[in-house]
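Chain and residue survey
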Amino acid sequence: MLTRTDEKARGLADLPPVMNDSLIALIGMVEADPRADKIDVGVGVFRDGAGNTPILKVIKEAEQRLHDTQVTKAYLGSAGDVRFAELLRPILLGPHANDDRIVGVQTPGGCGALRLGFELLASANPNGRVFVGGPTWPNHPPIIRAVGLAQVDYPYYERGQGAIRFEDMIEALNSAEPGDVALLHGCCHNPTGADLNEDQWCEVVHLVRERGLVPLIDIAYQGFGRGLDEDAFGVRAMLDAYDEVIVAQSCDKNFSVYRDRVGSLWIKSGSPATSAKAMAHVYKIAREMWSMPPDHGAASVHIVLDDPELRERWLVELKGMRDRINSVRQRIAAADPRLAFIGRQFGMFSMLPLSPEQVLKLRADHAIYMAESGRFNVVGMGDGQIDRFTAAVVEAMDA
Ligand SMILES: Cc1ncc(COP(=O)(O)O)c(C=O)c1O
């Protein structure tokens, strides 16, 4: 065999430059701004009235118990913490908790669940296309790209009116072929805050079933919208009607354990045997990526959910976070009729009717930081900052 002498080995220096993730860049800009009264509504974590992201009291207590009682850090195995997944079942699945065609596994956060779910779908049907309503969470498209599936975009949201473009959504899903994937936000849509209502969910469920699509529901904020059961309406309606459902779930927000990376992936198929086979693929794929999920965060959530008293207190702390989100929404909505739609939306995010220029002016003039799309975290600011924020936004809209 001839040796090629004209080809130079490529090394790390040959890598192309990487486009900066704009939300990560925004965090750096906030840090670098010396103004004491700066407002950071760019980052996607819950903050309380004082502007902090505290560790939940029940998690602190669970971590103490874990510290006192854990006797080994030997590997957990591919399935991760099996009891953790068992305890999550009724919270996510409700009346479907005892359906043995539904299997779940611990994952490193909601991102891990999404990656694993899409990898599984790509293994099963590499030609399937993923239908994605825009705008969506900016990490969805790269994950879909990473697994090699094609993405079909459709418009989900009418920004100026704060309304869902439901007819466009239905038309797009109607054009999908059997085996194509419908990516759906379970609740608290990120970045728009615009959730499907119950009638709309039922119509989407019907359509998915009629057309033989595979729904992948991303539910990262259960309990931040209307309540734990209410926020799972779409997941459960899909499970009511359909045999093939994938759910990517995150506990990072509703247990406030963001950096501990806690999530789970759920698969429903037509039979326990098919679900077990799919889960064997999931373990194999996970083994190739992170081998086994990390323990600490899921172990803490497990302790909370396994203790009736801690569990009750978690529900109270979760309600506290939800109530703050919804009361800040009402305050912003009351500031101007053009912001009224924010009071009808759910979860931490909404999109302000601002141009990128107006967003940049808010940064320059008022030290208010949000994504250039106008997406902002309604609980990114402390209580003492809300009036200044709304006044500046109204001024920017009027300019
Ligand atoms: C819509 C959506 N899905 C998934 C995730 C991922 O969650 P996690 O931090 O648990 O990986 C997020 C996080 O921001 C999200 O907003």
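The numbering scheme is per chain: residues are counted from 1 as the chain's sequence reads. Reporting in this predicted model follows two pLDDT cut-offs: at least 70 for local features of residues, and 80 or more for side-chain atom pairs to be given and counted; totals over whole chains, interfaces and linings ignore these cut-offs and use all residues. Heavy atoms from the whole structure form the basis of all side-chain values; hydrogens and water molecules are not counted.

1. Here we look at the site of the ligand
- Nearness of a residue to a molecule or strand requires only that one of the residue's heavy atoms be within 4 Å of it. What surrounds the ligand is a group of 13 residues, the closest being D218, Y221, S250, D252 and R261.
- As used in this structure description, the phrase polar contact means that two N or O atoms lie within 3.5 Å; if the pair is within protein, one of them must be able to donate a hydrogen and the other to accept it, and residues adjacent in sequence are counted only when both atoms belong to side chains. One of the backbone nitrogen or oxygen atoms of C111 is found 2.8 Å away from an oxygen atom of the ligand.
- Between the ligand and the protein, one listed contact pairs an oxygen atom with a side-chain N or O atom of N190 at 2.7 Å.
- Calculation of accessible area relied on Shrake-Rupley with a 1.4 Å probe; when residues are assessed, cover is drawn exclusively from the protein chains displayed. Considering the ligand on its own, with 390 Å² of exposed area, one finds that the protein chains cover 91% of that surface.
- In this description a helix means any DSSP run of H or I spanning at least four residues, a strand means any run of E spanning at least two, and both kinds are numbered starting from the N terminus. Sorting elements by how many residues they give to the shell around the ligand places helix α4 (residues 109-124) first, with four residues.

2. Overview of a negative patch on the surface
- The patches described consist of residues with a relative accessible area above 30% and no salt bridge, like charges being joined within 9 Å and nonpolar side chains (Val, Leu, Ile, Met, Phe, Trp, Tyr) within 5 Å. Every case where a carboxyl oxygen of Asp or Glu lies within 4 Å of a side-chain nitrogen of Lys or Arg is listed as a salt bridge. Two residue types count as positive, namely Lys and Arg, and two as negative, namely Asp and Glu; His and chain ends fall outside the count. We put the charge of a Lys on NZ, of an Arg on CZ, of an Asp on CG and of a Glu on CD. Residues E198, D199, E203 and E230 make up a contiguous surface patch of negative charge.
- Here the element with the most residues in the negative patch is helix α7 (residues 198-211); it accounts for three residues.
- Burial status follows relative accessibility: with a 1.4 Å probe on protein chains alone, a residue under 20% of its type maximum counts as buried, one over 50% as exposed, and anything between as partly exposed. Overall, the relative accessible area of 63% leaves D199 in the exposed class.

3. Side note on the state of the cysteines
- Disulfide assignment relies on a single distance test, namely cysteine sulfur atoms paired within 2.5 Å. One pass over the full model with this rule turns up zero disulfides.
- C111 takes part in no disulfide bond, and the closest cysteine sulfur to it belongs to C251, at a distance of 14 Å.
- Looking at the unpaired C187, the closest cysteine sulfur is the one in C188, lying at 3.9 Å.
- Exposure remark for C187: the relative accessible area of 3% places this residue in the buried category.

4. Observations concerning the sheet that holds strand β3 (residues 129-134)
- At least two bridges found by DSSP between two strands are what make those strands a pair. Spatial strand order, β2-β10-β9-β8-β7-β3-β4: seven strands in an open sheet with mixed pairing. Bordering the open sheet on either side are β2 (102-108) and β4 (150-155), each of which pairs with just one other strand. Neighbour-to-neighbour, the strand axes of the sheet open up by a mean angle of 20°, direction not taken into account.
- When β2 meets strand β10 (residues 262-268), the two strands line up antiparallel, connected through seven bridges. Each axis is a line fitted through C-alpha atoms, taken for helices only over the stretch in contact, and angles between the N-to-C directions span 0 to 180 degrees.

5. Let's talk about the nonpolar core
- One finds W314, I332, M370, F376 and F389 to be the most contacted residues of the largest nonpolar core, which totals 97 residues.
- Contacts between residues were defined by any pair of non-hydrogen atoms, one from each residue, lying within 4.5 Å. Those residues within four positions of F376 in sequence are excluded, and the remaining contacts are V41, I332, I342, M348, F349, S350, L352, M370, M381 and F389.
- Throughout this description, the term nonpolar core refers to a set of buried Ala, Val, Leu, Ile, Met, Phe, Trp, Tyr and Cys residues connected via side-chain atoms within 4.5 Å. Counting 27 residues, the second largest nonpolar core, distinct from the first, contains F118, I246, A248 and I267.

6. Side note on the environment of D180
- The topology assignment puts D180 in the loop between α6 (166-174) and β7 (181-185).
- Assessed through its relative accessible area of 4%, D180 is described here as buried.
- For the pair D180 and G128, spaced 52 residues apart in sequence, the C-alpha separation works out to 4.6 Å.
- Excluding residues that lie within four positions of it along the chain, D180 makes contacts with N127, G128, R129, F131, L213 and V214.
- At 2.7 Å, the side chain of D180 forms a polar contact with the side chain of R129.
- At 2.8 Å, the side chain of D180 forms a polar contact with the backbone nitrogen of E177.

7. Examining the environment of R338
- One can find R338 in the loop between α12 (308-335) and β11 (349-351).
- Given the relative accessible area of 38%, R338 is considered partly exposed.
- It is 8.8 Å that separates the C-alpha atoms of R338 and Q161, two residues lying 177 residues apart in sequence.
- Ignoring sequence-local partners within four residues, the contact set of R338 consists of P353, V394, M397 and D398.
- A polar atom in the side chain of R338 sits 2.7 Å from the side chain of D398.

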